[in-house]
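Residues per chain, in single letters:
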Amino acid sequence: KAKNSSLVTRCEIGDSLEEFISKATPDKGLIRVMMCMGEALRTISFKVRTASCGGTACVNSFGDEQLAVDMLADKLLFEALTYSHFCKYACSEEVPELQDMGGPTEGGFSVAFDPLDGSSIVDTNFSVGTIFGVWPGDKLTGVKGRDQVAAAMGVYGPRTTYVLTLKDYPGTHEFLLLDEGKWQHVKETTEISEGKLFSPGNLRATSDNPDYAKLINYYVKEKYTLRYTGGMVPDVNQEFIIHHRQLIVKEKGIFTNVISPSSKAKLRLLFEVAPLGLLVEKAGGYSSDGHQSVLDKEIINLDDRTQVAYGSKNEIIRFEETLYGKSRLK
Ligand code: P6P
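Residues numbered from 1 in each chain as written. Predicted model: local features only at pLDDT ≥ 70, side-chain atom pairs only at ≥ 80, totals over all residues. Heavy atoms only, no water.

**A word on helix 3 (residues 68-84)**
- Over its 17 residues, helix 3 extends 25 Å from the first C-alpha to the last, a length consistent with the 24 Å expected when each residue adds 1.5 Å.
- Considered for burial, the residues of helix 3 that qualify are Val69, Asp70, Ala73, Asp74, Leu76, Leu77, Phe78, Ala80, Leu81 and Ser84.
- Phi turns positive one or two residues past the end of helix 3, at His85, with a value near 60 degrees. (Helix = DSSP H or I, 4+ residues; strand = E, 2+ residues; numbered from the N terminus. Expected span 1.5 Å × (residues − 1). Buried < 20%, exposed > 50% of the residue type's maximum accessible area, 1.4 Å probe, protein only.)

Structure below.
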């Protein structure tokens with residue numbers, strides 16, 4: 001049950017996506033967007049498992065190779081947003097210009113998404129995912145992650161899940177795709193407990209970022225468990241899962257992707273870092289670019305990138321203190 005919900009009706013574990021969303025928000029437009037995106041995630045999950053992923057469809061304006069399956073996912077998500085009739089503008093990592101989706105500004109939303117994050121590892125059969133953030137009205141720049149009204153990720157692994165949070169409803173919620181194609185509410189996360197997992201992205205940066213090397217050494221010395229696949233969605237998703245070993249060994253921890261003089265920021269603020277930041281913070285976790293929550297960073301350009309860490313409060317304090325000598329959380 002959602003704690004301290006001001007809503008009369010409470011969302012129950014086991015609710016369908018529609019039952020949950022309709023209880024969690026009175027905003028009919030937001031319900032439509034989240035339901036339509038759920039349909040797109042369901043189809044993408046099927047396509048990822050069956051589409052031929054080999055070969056490059058083309059290269060996007062960021063210079064990233066676009067695999068056929070990337071473009072398929074991208075198309076499905078744009079179509080879903082058009083079909084919702086409540087999306088004003090949308091843009092994606094593959095199409096990084098505002099696309100007019102025909103929805104209203106007043107009462108409508110603008111959505112930014114990474115259609116298939118980690119697609120380069122699909123061929124290794126690793127888990128991949130979709131990430132999206134929903135902002136009110138017609139703006140995706142000059143806004144912050146904290147302005148999102150909703151954020152979500154689709155996780156295409158052994159199971160397909162839809163992990164979402166709504167700004168005005170407590171917690172981060174996981175829905176499982178059942179055989180008959182329905183989403184069922186299976187978990188609510190309201191606290192990110194301490195743990196001993198670390199998911200260190202961009203290890204190349206340790207070559208000329210001694211403070212990052214110091215942080216990595218700490219995790220090794222303290223016998224953390226390394227869990228890193230190179231796919232941001234499953235790597236961050238670890239923050240939400242309740243390991244069967246959770247009762248014995250706390251298995252939460254920290255995800256990092258850090259910069260250095262020779263290794264610039266890779267992760268995109270709008271399409272990846274801000275939406276995942278809302279999921280983590282609404283689940284009771286913390287995020288940081290080294291100095292502040294990633295949700296407090298203004299999105300100036302669609303392709304802004306940033307270093308990032310997600311984790312429990314103590315992990316983020318350690319991250320900020322090790323890299324910059326002090327933490328705003330202390
Ligand atoms: P690195 C995948 O391409 C991605 O955008 C994220 O999913 C992932 O966290 C990151 O890049 C991996 O970066 O530098 O560790 O290879």
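**Focus on the pairing of strand 14 (residues 253-257)**
- Among the 5 residues of strand 14, 5 are classified as buried, and the element is accordingly described as predominantly covered.
- Of the pairings in the sheet, the one linking strand 12 (residues 197-201) to strand 14 comprises 5 bridges and is parallel in character. Across the sheet, residue Pro200 finds its bridge partner in strand 14, namely Thr256.
- As paired strands, strand 14 and strand 17 (residues 308-311) are joined by 4 bridges and run antiparallel to one another. By the bridge assignment, Ile254 is partnered in strand 17 with Gly311. (Pairing = 2+ DSSP bridges.)

**A look at the nonpolar core**
- In terms of nonpolar packing, the biggest core is built from 45 residues, with Met34, Val134, Tyr162 and Leu164 touching the most fellow members.
- Every residue in contact with Tyr162, bar those within four places of it in the chain, is listed here: Leu17, Met34, Met37, Gly38, Leu41, Phe132, Ala152, Met153, His173, Glu174, Phe175 and Trp183. (Core = buried A, V, L, I, M, F, W, Y, C linked by side-chain atoms within 4.5 Å. Contact = heavy atoms within 4.5 Å.)

**Let's talk about the packing of helix 4 (residues 210-221) against helix 7 (residues 313-324)**
- Close contact between helix 4 and helix 7 brings their axes to 8 Å; oriented N to C, the two are set at 140 degrees. Taken as axis vectors, helix 4 and helix 7 run oblique relative to one another. Crossing hand, helix 4 versus helix 7: right-handed. When helix 4 is examined against helix 7, the residues Asp211, Tyr212, Lys214, Leu215, Tyr218 and Tyr219 are found in contact with a partner set consisting of Glu315, Arg318, Phe319, Thr322 and Leu323.
- Here the residues of the contact of helix 4 with helix 7 sort into 6 nonpolar, 1 polar and 4 charged. (Axes fitted to C-alpha atoms, helices over the stretch in contact; angles between N-to-C directions. Parallel < 35°, antiparallel > 145°, perpendicular 65-115°, else oblique. Left-handed = near helix turned anticlockwise from the far one by under 90°. Nonpolar A, V, L, I, M, F, W, Y, C, P; charged D, E, K, R; others polar.)

**Overview of the sheet that holds strand 13 (residues 225-226)**
- Taken together, 5 strands build an open sheet; the order of strands is 13-12-14-17-15 and the sheet is mixed. Taken across any chain shown, the strands that pair with only one partner, and hence form the sheet edges, are strand 13 and strand 15 (286-288).
- In this fold helix 4 packs onto strand 12 and strand 14, with an angle of close to 155 degrees to the strand it touches most, strand 12.

**A look at the pairing of strand 5 (residues 109-117)**
- For strand 5, the buried fraction is high: 9 of the 9 residues fall into the buried class.
- Pairing between strand 3 (residues 87-92) and strand 5: 5 bridges, direction parallel. Looking across to strand 5, one finds that Tyr89 is bridged to Ser110.
- Both strand 5 and strand 6 (residues 128-136) contribute to a ladder of 7 bridges, which runs antiparallel. Within the sheet, the bridge partner assigned to Ser110 lies in strand 6 and is Trp135.

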